[in-house]
Amino acid sequence: MTSVSENTETQDEKSQISRPLDSKSLITTTSASQLLKPDLTTEELMAEEQKFDTVSSYIWSDEDNDEILETIENDEPKEEAPTDRPSWANKIEYLLAQVGFSVGLSTIWRFPYLCFHNGGGSFLIIYILMLFLVGVPLLFLEMAAGQRMRQGSIGVWKVISPWIGGVGYTSFMVCCIVGLYYSVLMAWSLFYLVQSFQSPLPWSACPLLKNSSDFDPECERTTSTTYFWYRNVLKATDEIEMGGLPVMHLSVSLFVTWLIICISMIKGLKSTGKMLYVSVLLPYFILFCLLIRSLMLEGAHFGLKSLLAAKVSALYSVEVWRRTGNQLFLSMGPGFGSFTAISSYIPRSNDCVMDAFAVALLNLTASLTSTVFVFAIMGHLATENNEKCYLRNAEIVLNLIASGVLPAEAHPPDSMYHDPSSIYSRWIKSLPKQIKDMVLPYMTNCDLSQQLKEGPGVAIVAFTDIISAFSGSTFWAIIIFVLLASLGLSTMTGIVQGIVTPLQDTFSSLRKCTNLLTVGICVPMFLGSLIFVRPSGSYYVNLLDDYWVSLPLFFVIVILENIAMAWIYGARRFLADLIIMLGHPISPIYRWLWCFLSPFVLLVLFVSTLIHLSLKNITYLAWDSRISNEVIRIYPSWAKVLLIILIVITILPIPAYLIGVDFTVSMIHSRGTVIFKPEAKGNSPKSHPRLQVRKSQKKVNTMDK
C-alpha cells in the first residue's frame, strides 16, 4: 500500500478532498477519469487523469456545463465497458422497481390522515414544496450515486468518503429491522384479503354468543370493525407487557408473505422485474377505479371541500412542517439504500435526473389519488351520519309532542324521511322563534363538519369502514385488500433488495448463488417477524414505526449522505462527474440545494423531532377489553430503553467505522506526506488538484513489496 499522510492546504478553498477508490490505495485522488473507469490500475489512472485536467469541477452556471461537455467531447468513449454485473431487462422494469419501493402503505393510509389533521390544502402546499426542493434532490443524489458507482449502499459510501463508510452499514441494518415489521403489515392485508371472500363480510356485524341469539356484548359496546380487528385478527392483549405465543392465522399469513417475496426474488432481477408489472401497475389501476367510484357517492363533494379548504395558520406551524417532513421521508423512502441498490443495476448513461422526477411525481399522484378517494368517502359517511342525526332529532320532537312537552306546531313535516338533508334545515327555519327556542334544547347539533371529524381514521380498520359505503361490499373488499397487499409486496421487494445487493457487493461469491442467498435472507427474516404477530405484537410495530424509524433512517443517514456528497466529496465535483456520465448539462441549482437548503431543512427536522420525542410521552393505542374501546397508554420504561438501544445499535456503525478509519490513517502518517497542487488560475485551463507523494528515504510503492 502506498505510504501517505495528509498536509492541510490553507490557501485554496476550492481544493477537493481525496477518497479511496479501491483496496490498493487508502487515500487517492478522485477525478473524472477515476469515476468513469474505476477498474483501471493506479498507473493507468494517473495517465487517464491527464486527459481530464481541463474539466472544470466548479458547476456554477450553464456555461460551465457547456465547457465540460466541449472538453470531454473528443475524449470520452461512447461505449461502456462490459461488466458481469446483472442489469434490469429494460428501463420500464427499473422504473417500476423505484416507484414500487417509493409508493408504499404509508402513502395510502398515512397521507390522507395527516392531510386532514394538518390544515388540508395547507398541508398539500407544504408537502409539494418540500417534495421538489428537498425530496427530489435527495432522491436524485441516491439514484446517481448507485448508478455511477454500480454498488449497493455499503460500497457506495465507502467510495464517496472513507469517513462516512458506516452509513452504508446503518442503512443495511435499518432495512433488516424495517423488513421485519413491515412484512407484518402485508400479512395483515393478506389475512383481510382471504377473509373478504365471504358474504356477508365477517366484520360487517357483531358475532353471536355461543348457543345464543344475542350479540357479543363486548362487540356491541364498540363497532363491529374495531372488534374484528382487535379480537379476531390481532387477538390483542390489553397492554404491551402481556406476551403470548404468535397468533396462528397471522403466522400463516406471515409465512405466505415471505414465501411470495422469496419466490419473486429468487431468480434475481429476472423474476423481480416480471413481478413488478403486477405489484406496481395493479395498485394504480385499482386506485383509479376507487377514485371514480367514490366521486359518484352522495356527499363526496363535501369531503373534497374540506380537503381543499386551506388553513393559513398551518403554514406557520412548526409542528405541521415537522409532520409534513416526516411524511415526505416516510413516503419517498430515502436512507434505506434501496434506491441506490436498484440504480446500481442500470447503465451509467441512464438519465437519473428524469427518473427522480418521475418517481416523485408518481408518488405524489398516488398520494393525492388516495387522499381524494378517502376524503370523498369521509364526506359520504359524514352526510349519511348527518341524515341519521336529522331523523333522530325528528323522532325526539315527535315523542316530546306526544308526551305534551312540546306544542303540536313543532311537528316535523312528513316528507322529512324522503329527503332529510334539504327538508330538515327548511323546517327549523320555518318554526316561529318562540317554538324554535323550545325545540332546540332537546335536539343534537347536526354539524356536518363535526360528523366528518368522527369519520374513519386512515388505517386498516378505517378501510373496513370505508368498504361499507359501497354496494357490493365483498367485491370492493377484495379490490381494496389486493391494493394494500400489492403495495406491501412492491415495497418489501425494495427493502429486501437493499439487503441483497450490499451482501453481493461485499461478498462477490454470493452473486453465483442468488437462490440460496434469497432463501437465506427470507427464512431468518420470517422467524424474526414472528415477534410482531404475538397478541401484543402490534404495539411493538407502533413503537418502531412511530418513534424509532425516523431518527436513524430519515435524518442521521440522509443528513450524512447529503453532507458527504455536498461537502466532503463536493457537490460541484459530483455534478461535473454526472455531466460527463450522462453527456448532457445538469442544472446548477442542484448544487445549491444539496449544499445549503437540504442540509438546513434536514437539521431543522432532526432537531424538532428530537425535541418532540424528548418532551412528549411515547404512547400507543391499545384495546381495553373491560370497556370494549381503544385507549391511549404510555409505553413502559423498558420499552423506552428498548427504543434507545435500537437507535444506538443502528447508528453505531457510523462512529465505529470512523474510528477504524482514523486508526488506519494514523498508522501511515509517518510514511510520507500528502500535498495538493493548486489549480491553475486566470484564463488557464482548470485542472483537478493532483495528489503527490513526498517519498521517504526508502521508496515504498505497494504493500506487497
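If you're wondering where the values come from, they're calculated on a predicted model, not measured in any experiment.

Considerations on the environment of Leu652
Structurally, the position occupied by Leu652 is in the loop between helix 27 (637–651) and helix 28 (653–668). Owing to a relative accessible area of 47%, Leu652 belongs among the partly exposed residues under this scheme. Distance from Leu652 to Thr170, taken between C-alpha atoms, is 7.7 Å for residues 482 residues apart in sequence.

A few points about the environment of Ser171
Structurally, Ser171 can be placed in helix 9 (residues 166–195). Counting along the chain gives 165 residues from Ser171 to Phe336, while the straight-line C-alpha distance between them is 5.1 Å. When sequence neighbours within four positions are dropped, the list of residues in contact with Ser171 reads Ser153, Gly335, Phe336, Gly337, Ile557 and Glu561.

Points about the nonpolar core
Judged by nonpolar contacts, the single largest core of 173 residues is most densely connected at Phe140, Trp548 and Trp594. It is helix 9 that contributes the most residues to this core, 17 residues altogether. When near neighbours in sequence (up to four residues on either side) are disregarded, Phe140 contacts Cys352, Val353, Ala356, Leu578, Ile586, Tyr590 and Trp594. Cys389, Ala410, Met416 and Ile435 belong to the second largest nonpolar core, which has 17 residues in total.

Re the UniProt feature "binding site: Na(+)" (unreviewed entry) in the chain
UniProt records the feature "binding site: Na(+)" (unreviewed entry) for Gly100, Val103, Ser331, Asn363 and Leu487 in the present numbering. A maximum C-alpha distance of 12.0 Å is found for the annotated residues, which run over 388 residues; spatially they form one tight group. Narrowing the list just given to those that line the largest cavity leaves Ser331. Along the chain, Ser331 turns up in helix 15 (residues 318–332). Non-local contacts of Ser331, meaning those with residues more than four positions away in its chain, are made with Ser102, Ser106, Thr107, Tyr127, Asn363 and Ser367.

Brief notes about the state of the cysteines
Applying the stated criterion across every chain yields a total of 1 disulfide. The disulfide partner of Cys206 is Cys219, and the gap between their sulfur atoms is 2.0 Å. Judged by the torsion about the S-S bond (-80°), the Cys206/Cys219 disulfide is left-handed. Remark: Cys219 occurs in helix 10 (residues 217–220) and Cys206 occurs in the loop between helix 9 and helix 10; sequence separation between them is 13 residues. Across the pair, Cys219 and Cys206 agree in class, each one buried.

Points about the pattern of salt bridges
It is possible for side chains bearing opposite charge to pair when their charged atoms get close. Within the structure shown, the criterion is met by 11 salt bridges. For the salt bridge of Arg110 with Asp545, the shortest nitrogen-to-oxygen distance reads 2.6 Å. Taken together, the residues Arg110 in the loop between helix 5 (105–109) and helix 6 (111–117) and Asp545 in helix 24 (residues 537–548) connect sequence positions 435 residues apart. Residue classification places Arg110 among the buried residues on the basis of a relative accessible area of 17%. Note that Asp437 is salt-bridged to Lys433, the shortest N-O span being 3.2 Å. On the criterion of helical spacing, the pair formed by Asp437 and Lys433 is a turn pair, its members being 4 residues apart in helix 19 (residues 433–439). Lys433 gets classed as exposed once you look at its relative accessible area, which sits at 63%. If you follow the salt bridges from partner to partner, you end up with Arg85, Asp505 and Arg511 in one network.

What about the confidence of the model for the chain?
For the chain, the average pLDDT comes to 80, and 80% of its residues sit at 70 or higher. Across the chain, element-level confidence peaks in helix 12 (residues 248–265) with a mean pLDDT of 96 and bottoms out in strand 4 (residues 691–694) with 35. Low pLDDT, under 50, characterises residues 71–82; the predicted model gives this stretch 14 contacts beyond four residues in sequence or across chains. This model gives residues 450–458 a pLDDT under 50, and the stretch forms 23 contacts once residues within four places in sequence are excluded.

Points about the packing of aromatic side chains
This model, assessed by the stated rule, comprises 34 aromatic pairs. Ring plane angle 40° and centroid distance 6.2 Å describe the contact between Tyr540 and Trp638, whose orientation is recorded as tilted. One end of the pair, Tyr540, is in helix 24; the other, Trp638, is in helix 27, and 98 residues separate them in sequence. Accessibility expressed as a relative area gives 37% for Trp638, which makes it partly exposed.

Quick word on empty space enclosed by the protein
For the coordinates displayed, the defined rule picks out 7 cavities of 30 Å³ or more. Reported here for the largest cavity is a volume of approximately 230 Å³. Lining the largest cavity are 21 residues, with Ser106, Tyr182, Leu330, Phe336 and Thr491 sitting closest to its centre. Elements that contribute at least two residues to the lining of the largest cavity include exactly helix 4 (91–102), helix 5, helix 9, helix 15 and helix 22 (473–506). Top element by residues in the lining of the largest cavity is helix 9. It accounts for 4 residues. Partitioned by chemical class, the residues of the lining of the largest cavity number 13 nonpolar, 6 polar and 2 charged.

A look at unusual backbone geometry
Backbone torsion omega between Ser199 and Pro200 reads 0°, so that peptide bond is classified as cis. Tracing the chain through its elements places Pro200 in the loop between helix 9 and helix 10. With a phi close to 60°, Arg150 is a non-glycine residue in the positive phi region. In the Ramachandran plot, Ser628 falls in the positive-phi region, its phi being about 55° despite a non-glycine side chain. Of note, Ser628 is situated in the loop between strand 1 (619–624) and strand 2 (629–634).

Rules and cut-offs
Residues numbered from 1 in each chain as written. Predicted model: local features only at pLDDT ≥ 70, side-chain atom pairs only at ≥ 80, totals over all residues. Heavy atoms only, no water. Helix = DSSP H or I, 4+ residues; strand = E, 2+ residues; numbered from the N terminus. Buried < 20%, exposed > 50% of the residue type's maximum accessible area, 1.4 Å probe, protein only. Contact = heavy atoms within 4.5 Å. Core = buried A, V, L, I, M, F, W, Y, C linked by side-chain atoms within 4.5 Å. UniProt positions renumbered as here; feature names shortened; annotations may be inferred. 1 Å grid on protein atoms, 1.4 Å probe; cavity = no way out; pocket = protein on both sides within 12 Å on 5 of 7 lines; lining within 4 Å. Disulfide = S-S within 2.5 Å. Salt bridge = Lys/Arg side-chain N within 4 Å of Asp/Glu carboxyl O. pLDDT = per-residue confidence, 0-100. Phe/Tyr/Trp six-rings, centres within 6.5 Å; stacked < 30°, edge-to-face > 60°. Points joined across faces, edges and corners; volume = space filled by probe spheres on them. Nonpolar A, V, L, I, M, F, W, Y, C, P; charged D, E, K, R; others polar.

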